[in-house]
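Survey of secondary and tertiary structure
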Amino acid sequence: MAGGHERSMKALKEVWRRAENCLCADCGKPDPDWASSTLGVFICLSCSGIHRNIPSISKVKSLKMDHWDDAQVQFLAKHGNAVTKAIYEAHIPIYYYQPTYNDCHVLREQWIRAKYERREFTEPGKQLPYSDGVKEGILWKRGRDNGQFLPRKFLLSEREGCLKYFTKQDAKEPKINIKIDVINATFQPVKIGNPNGLQITYLKDNKTRNIFVYHESGKEVVDWFNAIRSVQFHYLKVAFPIASDNEIKNRLTRNFLKEGYMEKTGPKQREAFKKRWFTLDHRRLTYFKDPLDAFAKGEVFVGSRDNGYSVQKGLPTGTQGNFSWHYGLTIVTPDREYLFTCETETDQLDWISAFTSVINQAMTPQEYAIEAYFKFKS
């Protein structure tokens, strides 16, 4: 018996060490140490918890702590991540967001359920709930003034190229009509205080606006998210006919590069520093009094190093404004310097790293146009 167990463990380790199995099959996290004995995939601890909640589809075991018999090891050897992905990920729409281990639970759970439980990607041309070009339903929306979440009817239309919401079910005119090409959507469960919380950001008169929504159903809110991406993808295919699918995919919804509190002072650099919530959305640094504010108090354009932008650790010598946080940083632009302070050195270094990643990238023609707008308005 001991010899048989050792033989099984040796065979298991050989399969486990294959290059295809060195990343979690579902989120891409390195060094997965769990596997599904019914699907044949190698997965991380976090994804194994989601698999455990769909026991009719997946039975999971630890590769380190549990016993694997010969038949189970042979099953893993026959399948593995590459073979199983070829089956369950054969026909993923180009616009569908495939989450990573850095993404929130609801995105990862619905990705796993879509693959293995609903088998959404196993057949070509399958009709999917987010691929119709139109979606209508109720989302709970946070009120701009009172912070209360109330049910609102939302309508997404590829034909009209917009997202609308209505304050009443029978309302003829929408409260807001948002063009699809100015929308970003990103999951914000911690900020919104709901595991299915979704932040919809859009531009109106080239100024940032926020809508915070959720749905009780994780599937429904992720379907809304992918429906927005689907409509955006098809809109951009028409607008940019020579762009490749991957180029367009990279222009769909995106996570913010960084968010968090900093203190800032005004343009004279003598005013008291005020605590604000900052969001870095690529080249737009937007700040709010509160993380759940609908309207930004201001924005800073962050250009490229070649165009005179840089980030520096610390504040200029002789800075006069009063500040309570002592880890400063300075954004240098062709027109002025913006001064900020962070609560901790870790925050300071993280912000500097995020700004540096943006500043080191060359600007696109569209970004030159945005920069010109910022200069005009200032």
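Residues numbered from 1 in each chain as written. Predicted model: local features only at pLDDT ≥ 70, side-chain atom pairs only at ≥ 80, totals over all residues. Heavy atoms only, no water.

Focus on the confidence of the model for the protein
Predicted coordinates in regions of low pLDDT should not be interpreted in detail. To be explicit about the condition: Values of pLDDT, the confidence the predictor places in each residue, fall between 0 and 100. For the purposes of this entry, the term helix denotes a DSSP run of H or I that reaches at least four residues, the term strand denotes a run of E that reaches at least two, and both are numbered from the N terminus.
On average, residues of the protein score 92 in pLDDT, and 98% of them reach the 70 mark or higher. No element of the protein has a lower mean pLDDT than helix 1 (residues 2–16), which averages 73, and none a higher one than helix 5 (residues 105–117), which averages 98.

Focus on the sheet that holds strand 17 (residues 337–342)
As a reminder of what qualifies: Strand pairing is assigned whenever DSSP detects at least two bridges linking the two strands. Whenever a helix is involved, its axis is fitted only over the stretch in contact; in every case the axis is a line through C-alpha atoms, and angles between N-to-C directions fall within 0 to 180 degrees.
The strand order 14-13-12-11-17-16-15 describes an open sheet built from seven strands, whose pairing is antiparallel. Unpaired on one side and paired on the other, strand 14 (298–301) and strand 15 (310–313) mark the two borders of the sheet. Within this sheet the neighbouring strands show an average axis-to-axis angle of 35 degrees, counted without direction. With six bridges joining them, strand 16 (residues 327–332) and strand 17 adopt antiparallel strand pairing.

Details of empty space enclosed by the protein
How we decide: Site definitions follow a grid-based scheme: protein atoms alone, a 1 Å grid, a 1.4 Å probe that fits but cannot get out for cavities, and for pockets an open set with protein on both sides within 12 Å along at least five of seven lines, plus lining residues having an atom within 4 Å of a point. Grid points are joined across faces, edges and corners, and a volume is the space filled by probe spheres set on the points. Classification convention: Asp, Glu, Lys, Arg as charged; Ala, Val, Leu, Ile, Met, Phe, Trp, Tyr, Cys, Pro as nonpolar; all other residues, Gly among them, as polar.
For the structure shown, the criterion picks out one cavity of 30 Å³ or more. Contributing to the lining of the largest cavity are Y96, Q110, R118, Y130, K219, V222, D223 and N226. Counting residues per element, the lining of the largest cavity draws most heavily on helix 7 (residues 218–239), at four residues. Across the lining of the largest cavity, the residue classes tally to three nonpolar, two polar and three charged.

What about the pattern of salt bridges?
Stated formally: The salt bridge definition used is simple: a Lys or Arg side-chain nitrogen within 4 Å of an Asp or Glu carboxyl oxygen. Buried, partly exposed and exposed residues are distinguished by accessible area as a fraction of the type maximum, computed with a 1.4 Å probe on protein chains only: under 20%, between the cut-offs, and over 50%, respectively.
Using the criterion set out here, one finds 19 salt bridges in the structure. Put simply, D145 and R144 hold a salt bridge, and the shortest N to O gap is 3.7 Å. Taken as a pair, D145 and R144 share a single burial class, namely exposed. One salt-bridge network, in which partners are shared between bridges, spans D26, K85, E89 and K115.

A few points about unusual backbone geometry
If you check the backbone angles, D31 has positive phi at about 60 degrees while not being a glycine. Checked against the element boundaries, D31 lands in the loop between helix 1 and strand 1 (34–36). You can call D31 exposed: its relative accessible area is 64%. Even without a glycine there, the phi angle at N206 is positive, about 60 degrees. Along the chain, N206 falls in the loop between strand 9 (198–204) and strand 10 (207–214).

Details of the sheet that holds strand 3 (residues 60–62)
Read across the open sheet, the three strands follow the order 2-1-3; overall the sheet is antiparallel. A strand with exactly one partner marks an edge of an open sheet, and here the two such strands are strand 2 (42–43) and strand 3. Pairing geometry for strand 1 and strand 3, over three bridges, is antiparallel. Note on strand 3: the bridge partner recorded for A35 is K61.

Observations regarding the state of the cysteines
Applied cut-off: Here, two cysteine sulfur atoms that lie within 2.5 Å of each other are counted as a disulfide.
Applying the stated criterion to the full structure yields zero disulfides. This cysteine, C24, is not joined by any disulfide, and C27 carries the nearest cysteine sulfur, 3.7 Å off. Classification of C24 by relative accessible area gives buried; the value is 4%. You can see C104 has no disulfide; the closest cysteine sulfur is in C47, sitting 12 Å from it.

Describing the layout of surface pockets
The rolling of a water-molecule-sized probe over the atoms marks out the regions of remaining empty space. Roughly 1,100 Å³ of volume is contained in the largest pocket. Taken together, 37 residues make up the lining of the largest pocket; nearest its centre are D181, R251, R254, Q366 and I370. Secondary-structure elements contributing two or more residues to the lining of the largest pocket are strand 8 (183–187), strand 9, strand 10, helix 7, strand 12 (274–281), strand 13 (284–288) and helix 10 (365–377). Its residues assigned to classes, the lining of the largest pocket shows 16 nonpolar, 14 polar and seven charged.

With respect to the UniProt feature "domain: PH" (unreviewed entry) in the protein
Operational definition: UniProt positions are given in the numbering used here, feature names are shortened, and annotations may be inferred rather than shown by experiment.
Taking the numbering used here, the UniProt-annotated feature "domain: PH" (unreviewed entry) corresponds to residues 132–233 and 255–360. Spanning residues 132–233, this segment combines 20% helix with 46% strand, and its end C-alpha atoms are found 13 Å apart. Annotation note: span residues 255–360, helix share 14%, strand share 38%, distance between end C-alpha atoms 19 Å.

Topic: the nonpolar core
So the rule is basically this: Note on terminology: a nonpolar core comprises buried Ala, Val, Leu, Ile, Met, Phe, Trp, Tyr and Cys residues joined through side-chain atoms within 4.5 Å. Throughout, the edges of the domains are those of an automatic or database domain assignment. We call two residues in contact whenever any of their non-hydrogen atoms come within 4.5 Å of each other.
Of all hydrophobic cores here, the largest spans 53 residues; its most connected members are I43, F154, L156, I183, F187, L198 and I211. When residues of this core are traced back to their parent elements, those giving at least two are helix 2 (45–52), helix 5, strand 5 (149–157), strand 6 (162–166), strand 8, strand 9, strand 10 and helix 7. If you tally residues by element for this core, the top one is helix 7, at nine residues. Here this core spans two domains, and each of domain 1 (1–117) and domain 2 (134–250) adds at least three residues to it. Residue contacts for L198: discarding those within four places in its chain leaves A185, T186, F187, Q188, I192, I211, F212, V213, V221 and F225. Core analysis: the second largest hydrophobic core is formed by 23 residues, Y338, I352, A354 and I359 among them.

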